[in-house]
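Structure at a glance
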Amino acid sequence: MESTLELNLEEKFVIRLEDTAGTNENGMKRSDIVSGCKENEPVFLRRPHNLHGNRFMINVFNNNGQHIGSILKEKELAIHLDRGGGVRARIITAPGSNRYITRFLNLFRINKSHFIEVLMTPLNPENFRAIIDRDREIARTVARAVAHEKDRMKLAIRNYLQAIDQIIALDDIGLEARAWRQTRIPVNRLSMVYEKEGKAAEALKVIDWYLSYEDYVGIDPYEMEMILKRRERLAGRGQQSAVSGQQ
């Protein structure tokens, strides 16, 4: 757990509440709402539908359904929620704070930090066995493609394309399926094979497709660097060929 504070053996941990200075759609300031929250008051964690700004953002609401703040960088907690995992959370006093610090903050009108304590409910993978098994089958398809690169390039390409189709079908099931998937889209290896085979247009097409695809799992940073360099290289060759053809 990439928590701002330590995670204990019971998977109970403390997180600093962020984004409390904003204003909700109804015009209410979140700082005013959160200031009215009491010690031990339960809060509720919800993942927003639009994650383009911060893919691991978790919104926090009070008992009245009012947005009081957000959790921004807790990747494992966000994935746990997306996988269908449950949590219990409550407002707590900032660790190590006391009444003298509170008086100081109030005197100089300094916004104090608010913290929540979160207890994650363990997930049972057996409840998601169908999704996990499909993901493992995709991994086997990718493994076959890698093995065929040594002797049967066409079969390797066919298996890579099959794996991508399988991933799209799995992702289409919904957020839980995307969150449980662990097999990465083989865009780097497929575009590399296409380039070796002299199929620049196909390589560019699969790279452009991937860059437009909302991939929950993502690919390795090194692979992303590779496909971007490959795209630039192949696009540059295409422009040179076009210029040569006009001369």
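Attention in this report is confined to the structure presented alongside it. Here the structure is a predicted model, which is why all the values come from computation and not from measurement.

1. Quick notes on the pairing of strand 3 (residues 58-61)
Consecutive side chains along a regular strand alternate between the two faces of the sheet. One ladder, built from 3 bridges, connects strand 2 (residues 42-46) with strand 3; its direction is antiparallel. Residue leucine 45 lies in a different strand from strand 3, and its bridge partner there is valine 60. Relative to strand 4 (residues 67-71), strand 3 is paired through 4 bridges, and the arrangement is antiparallel. Pairing of valine 60 across the sheet is with glycine 69, part of strand 4. Taken together, strand 3 and the strand that follows it, strand 4, pair antiparallel across an intervening segment of 5 residues, in which glycine 65 is found at a positive phi of about 80°.

2. Points about the environment of glutamate 202
Inspection of the secondary structure puts glutamate 202 in helix 8 (residues 200-212). Here glutamate 202 falls in the partly exposed class, since its relative accessible area comes to 34%. Distance from glutamate 202 to serine 191, taken between C-alpha atoms, is 7.5 Å for residues 11 residues apart in sequence.

3. Here's the deal with unusual backbone geometry
One non-glycine residue, aspartate 19, adopts positive backbone phi at about 60°. Position of aspartate 19 among the secondary structure elements: in the loop between strand 1 (12-17) and helix 1 (30-35). Since its relative accessible area comes to 34%, aspartate 19 is described here as partly exposed.

4. As for the pattern of salt bridges
Oppositely charged side chains can form a pair if their charged atoms are brought close together. Throughout the structure, instances matching the rule amount to 13 salt bridges. Of the charged contacts in the structure, one is a salt bridge between arginine 90 and glutamate 117, with a shortest N-O distance of 2.7 Å. With a gap of 27 residues between them, arginine 90 in strand 5 (residues 87-92) and glutamate 117 in strand 6 (residues 114-120) connect regions that are remote in the sequence. Classification of glutamate 117 by relative accessible area gives buried; the value is 17%. In this structure, the salt-bridge partner of glutamate 126 is arginine 129, at a minimum N-O distance of 2.7 Å. On the accessibility criterion, arginine 129 (24% relative accessible area) is partly exposed. Overlapping salt bridges bring together Glu126, Arg129 and Asp133 as one network.

5. Quick notes on the sheet that holds strand 5
The strand order 1-6-5-2-3-4 describes an open sheet built from 6 strands, whose pairing is antiparallel. Strands with a single pairing partner mark the edges of an open sheet, and in this sheet they are strand 1 and strand 4. Mean inter-strand twist for the sheet, computed between neighbouring axes without regard to direction, equals 35°.

6. Here we look at the environment of leucine 123
Its place among the elements puts leucine 123 in the loop between strand 6 and helix 4 (129-148). Residues contacting leucine 123, with those up to four places away along its chain left out, are His80, Arg83, Gly84, Gly85, Phe128 and Trp180.

7. Description of helix 4
For an α-helix, the turn length of 3.6 residues means that residues three or four places apart are oriented alike. End to end, helix 4 covers 29 Å across 20 residues, agreeing with the expected 28 Å (1.5 Å per residue, within 8%). Three or more residues of helix 4 are buried, namely Ile131, Ile132, Asp135, Ile138, Thr141, Val142 and Ala145. Looking at the buried positions of helix 4, the neighbouring elements they touch are helix 5 (153-171) and helix 6 (175-180).

So, how was this worked out
Residues numbered from 1 in each chain as written. Predicted model: local features only at pLDDT ≥ 70, side-chain atom pairs only at ≥ 80, totals over all residues. Heavy atoms only, no water. Pairing = 2+ DSSP bridges. Helix = DSSP H or I, 4+ residues; strand = E, 2+ residues; numbered from the N terminus. Buried < 20%, exposed > 50% of the residue type's maximum accessible area, 1.4 Å probe, protein only. Salt bridge = Lys/Arg side-chain N within 4 Å of Asp/Glu carboxyl O. Axes fitted to C-alpha atoms, helices over the stretch in contact; angles between N-to-C directions. Contact = heavy atoms within 4.5 Å. Expected span 1.5 Å × (residues − 1).

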